[in-house]
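This is what each chain is made of:
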Amino acid sequence: KEPNHNDSVLQRLDSICQCLNLMTLLTDGGLLFFGKYISITDRFPRFQLDYQQYNSDNSTNWNDRVSAGDMNYPTLNIFSFYNLVLAKIETNIRMVLVKSF
């Protein structure tokens, strides 16, 4: 692709690289962090991210899940997974703290 003003940010994140022919390409890390799920699995067929929240410590049934390949998250990559799961973990911590007081 042709270079643009966003490329400098992506280069600093090592998400893209410039080849000898001056073409700008996405790195594997850039693909994993910012790519779409279907593109990621084309390059990494075993790519899987999975978060499960259980009802209790002894439970084998989860009550919330974020999983790569799930129809609810068709564009899941590492960056979007992190943001989704971080919000869920923060909410769960708040709920535990409120229950303990």
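See above for the structure.
First, a word on scope: everything that follows refers to the structure included in this document. Counting of residues starts from 1 at the beginning of each chain's written sequence and follows it residue by residue. In keeping with the predicted nature of the model, local features appear solely for residues at pLDDT of at least 70, side-chain atom pairs appear and are counted solely at 80 or more, and the whole-chain, interface and lining totals rest on all residues. Hydrogens and waters are ignored; side-chain quantities use all the structure's heavy atoms.

With respect to the helices and strands, the residue asparagine 92 is situated in helix 4 (residues 78-100). By the criterion applied in these results, polar contacts are pairs of N or O atoms within 3.5 Å in which, for protein atoms, one can donate a hydrogen and the other can accept it, and in which residues neighboring in sequence qualify only through two side-chain atoms. Among the polar contacts made by the side chain of asparagine 92, one reaches the side chain of glutamine 53 at a distance of 3.2 Å. Every residue pair with non-hydrogen atoms within 4.5 Å of one another is taken to be in contact. Contact partners of asparagine 92, with chain neighbours within four places excluded, come to Tyr51 and Gln53. Strands are runs of DSSP state E lasting at least 2 residues, helices are runs of H or I lasting at least 4, and numbering of each runs from the N terminus.

The subject of this paragraph is the pattern of salt bridges. Think of a salt bridge as a Lys or Arg side-chain nitrogen and an Asp or Glu carboxyl oxygen that are within 4 Å of each other. Applying the stated criterion across every chain yields a total of three salt bridges. Among the ionic pairs, arginine 43 bridges to aspartate 28, the shortest N-O distance being 3.0 Å. Here the residue arginine 43 occupies a position in helix 3 (residues 37-43), and aspartate 28 occupies one in helix 2 (residues 28-34), the gap between them amounting to 15 residues. With a shortest N-O distance of 2.9 Å, aspartate 50 and arginine 65 are connected by a salt bridge. Of this pair, aspartate 50 sits in strand 3 (residues 50-54) while arginine 65 is found in strand 4 (residues 62-67), placing the two residues 15 residues apart along the sequence.

Bringing the side chain of threonine 27 into the picture now. In this fold, threonine 27 is placed in the loop between strand 2 (24-26) and helix 2. Given a relative accessible area of 19%, threonine 27 falls into the buried group. Within the structure, the side chain of threonine 27 is placed 3.0 Å from the backbone nitrogen of glycine 30, a separation counted as a polar contact. The cut-offs for exposure are 20% and 50% of the maximum accessible area for each residue type, with area from a 1.4 Å probe on protein chains only; residues under the lower value are buried, those over the upper are exposed, and the others partly exposed.

Let's shift gears to the packing of aromatic side chains. Aromatic ring pairs are reported here in terms of the distance separating the ring centres and the angle at which the planes meet. Working definition: rings of Phe, Tyr and Trp (its six-membered ring) pair if their centres are within 6.5 Å, and the pair is stacked with planes under 30 degrees apart, edge-to-face with planes over 60 apart, and tilted otherwise. For the structure on display, the rule yields three aromatic pairs. A centroid spacing of 6.2 Å and a plane angle of 55 degrees characterise the contact between phenylalanine 33 and phenylalanine 34, whose relative ring orientation is tilted. When its relative accessible area of 38% is taken as the criterion, phenylalanine 33 is described as partly exposed. On the basis of an interplanar angle of 50 degrees and a centroid distance of 6.1 Å, the ring pair of tyrosine 37 and phenylalanine 47 is categorised as tilted. Highlighted residues: tyrosine 37 in helix 3 and phenylalanine 47 in the loop between helix 3 and strand 3, separated in sequence by 10 residues. Here tyrosine 37 falls in the buried class, since its relative accessible area comes to 18%. Taking the relative accessible area as the measure of exposure, phenylalanine 47 reaches 11% and is therefore buried. Through a chain of ring-to-ring contacts, three or more aromatic side chains come together here, namely Phe33, Phe34 and Phe79.

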